[in-house]
Amino acid sequence: MDVIRIAEIRDTPLSVDEVFAAVGDRAAGGIDLFVGTVRDADGGRTVTALEYSAHPSAAVELRRVMEKIAADQPVLAMAAVHRIGRLEIGDLAVVVAVACPHRAEAFAACRRLIDDLKHEVPIWKLQHFADGDADWVGAC
């Protein structure tokens, strides 16, 4: 079975339960899960909503990132989903999980997964502020 259980970009609400269930493995001694949510402030400014957009290659790039991590770490299973479209405060923006034989490995692989996803997968964020202004984050 492929260790990459989910690698998707979605325009529908995300489920922590789905991602957690996807990485279940009897050999896992540790499962690490990260959930990124839309917060109400950034840089001292009040955020009212976010809009995520992704390049058409984003899902392919997400899988590539996951394959690199699985090749370097003792990963038993991993899953990642990132939402696109308009999100409100408190909505789930990204959910990633990694199962490994031991907890330290799971922590390290999950941290690398979310960090590499944010740096390498072409997903951009438009923040809407209470003053009516908007700023792109992660766009070149």
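Along each chain, residues carry numbers from 1 onward, in the same order as the chain's sequence is written. Local features are withheld for residues below a pLDDT of 70 in this predicted model, meaning they are given only at 70 or higher, and side-chain atom pairs are given and counted only at 80 or more; totals for whole chains, interfaces and linings count all residues. Computation of side-chain values covers all heavy atoms of the structure but excludes hydrogens and water.

Draft legend 1. Layout of the overall build of the protein. Labels follow the DSSP assignment, with helices taken as runs of H or I lasting at least four residues and strands as runs of E lasting at least two, numbered in each case from the N terminus. Of the regular secondary structure elements, the protein holds three helices and nine strands. Going from N to C terminus, the protein has its helices and strands arranged as β-α-β-β-β-α-β-β-β-α-β-β. C-alpha atoms define the radius of gyration in this analysis, and the globule rule sets the expected value at 2.2 Å times the number of residues to the power 0.38. Radius of gyration (C-alpha) of the protein: 15 Å, near the 14 Å computed for a compact globule of 140 residues. Seen through its C-alpha atoms, the protein measures out along the principal axes to roughly 50 × 25 × 25 Å. Throughout this description, buried means an accessible area under 20% of the type-specific maximum (1.4 Å probe, protein chains only), exposed means over 50%, and partly exposed covers the range between. Split into buried and exposed, the 140 residues of the protein put 38% on the buried side. The Shrake-Rupley method, run with a 1.4 Å probe sphere, supplies the accessible areas, and residue values consider only the shown protein chains as cover. Of the accessible surface of the protein, which amounts to about 7,300 Å², a share of 52% is contributed by carbon and sulfur atoms. Charged residues are defined narrowly, with Lys and Arg counted positive, Asp and Glu counted negative, and His plus the chain ends left uncounted. Where a charge lies is defined by one atom per residue type, namely NZ (Lys), CZ (Arg), CG (Asp) and CD (Glu). Separation of charge centres in the protein, based on 15 positive and 22 negative side chains, amounts to 3 Å.

Draft legend 2. Seen up close, the nonpolar core. Here, nonpolar core means buried Ala, Val, Leu, Ile, Met, Phe, Trp, Tyr and Cys residues that are tied together by side-chain atoms lying within 4.5 Å of each other. Formed by 29 residues in total, the largest nonpolar core has its most connected members in Met-66, Met-78, Val-96, Val-98 and Leu-113. Sort the elements by how many residues they give to this core and helix H3 (residues 103-120) lands first, with six residues. Ranked by size, the runner-up nonpolar core spans 11 residues in total, among them Ile-6, Val-19, Val-23 and Val-95.

Draft legend 3. Spotlight on the pattern of salt bridges. What counts as a salt bridge is simple: a side-chain nitrogen of Lys or Arg found within 4 Å of a carboxyl oxygen of Asp or Glu. Tallied over the full model, the rule gives 16 salt bridges. Arg-63 serves as the salt-bridge partner of Asp-2, at 3.1 Å between the closest nitrogen and oxygen. Of this pair, Asp-2 sits in the segment before strand S1 (4-10) while Arg-63 sits in helix H2 (residues 58-72), placing them 61 residues apart in sequence. Take Arg-63: its relative accessible area is 30%, and that puts it in the partly exposed class. Taking the shortest distance from any N to any O, the salt bridge between Glu-120 and Lys-68 comes out at 3.2 Å.

Draft legend 4. Structural view of the pairing of strand S7 (residues 92-100). With eight of nine residues buried, S7 is to be regarded as a mostly interior element. Bridge count between strand S5 (residues 77-83) and S7: six bridges; the pairing is antiparallel. Across the sheet, residue Ala-79 finds its bridge partner in S7, namely Ala-97. Whether two strands pair comes down to DSSP finding at least two bridges between them.

Draft legend 5. Inspection of the sheet that holds strand S2 (residues 30-37) at higher detail. An order of S1-S5-S7-S2 is seen for the four strands of this open sheet, with the pairing classed as mixed. Each of the sheet's edge strands pairs with one partner strand only, and the pair in question is S1 and S2. Strand-to-strand twist across the sheet, computed as the mean angle between neighbouring axes with direction ignored, equals 5 degrees. Interaxial angles span 0 to 180 degrees and are taken between N-to-C directions of axes, which are lines fitted to C-alpha atoms, for helices over the stretch in contact.

Draft legend 6. Expanded view of a nonpolar patch on the surface. Together, Phe-20, Ile-31, Leu-33 and Val-35 line one region of the surface with nonpolar side chains, adding up to about 290 Å² of accessible area. Of all the elements, S2 adds the most residues to the nonpolar patch, at three residues. In this analysis, a patch consists of residues with relative accessible area above 30% that form no salt bridge, clustered at 9 Å for like charges and at 5 Å for the nonpolar side chains Val, Leu, Ile, Met, Phe, Trp and Tyr.

Draft legend 7. Fine view of the packing of aromatic side chains. Geometry of aromatic contacts follows a simple scheme: Phe, Tyr and Trp rings, the Trp one being its six-membered ring, pair when their centres are within 6.5 Å, and the pair is stacked under 30 degrees between planes, edge-to-face over 60, tilted otherwise. Tallied over the entire structure, the rule returns zero aromatic pairs. In this scheme, Lys NZ or Arg CZ marks a charge over a ring once it lies within 6 Å of the ring centre and within 35 degrees of the ring normal. The lysine or arginine in question, Arg-45, covers the ring of Phe-129, its NZ or CZ lying 3.8 Å from the ring centre.

Draft legend 8. Summary view of H3. Each residue after the first adds 1.5 Å to the expected span of a helix. Its 18 residues give H3 an end-to-end C-alpha distance of 25 Å, which sits within 8% of 26 Å, the value for a rise of 1.5 Å per residue. Any two residues whose heavy atoms approach within 4.5 Å at even a single point are treated as in contact. Taken together, the buried residues of H3 touch S2, H2, S5 and S7.

Draft legend 9. Expanded view of the environment of Trp-136. Residue position: Trp-136 is located in strand S9 (residues 134-137). For the pair formed by Trp-136 and Glu-120, sequence separation is 16 residues and the distance between their alpha carbons is 17 Å.

All quantities given are derived from atomic positions and should not be read as evidence of function.
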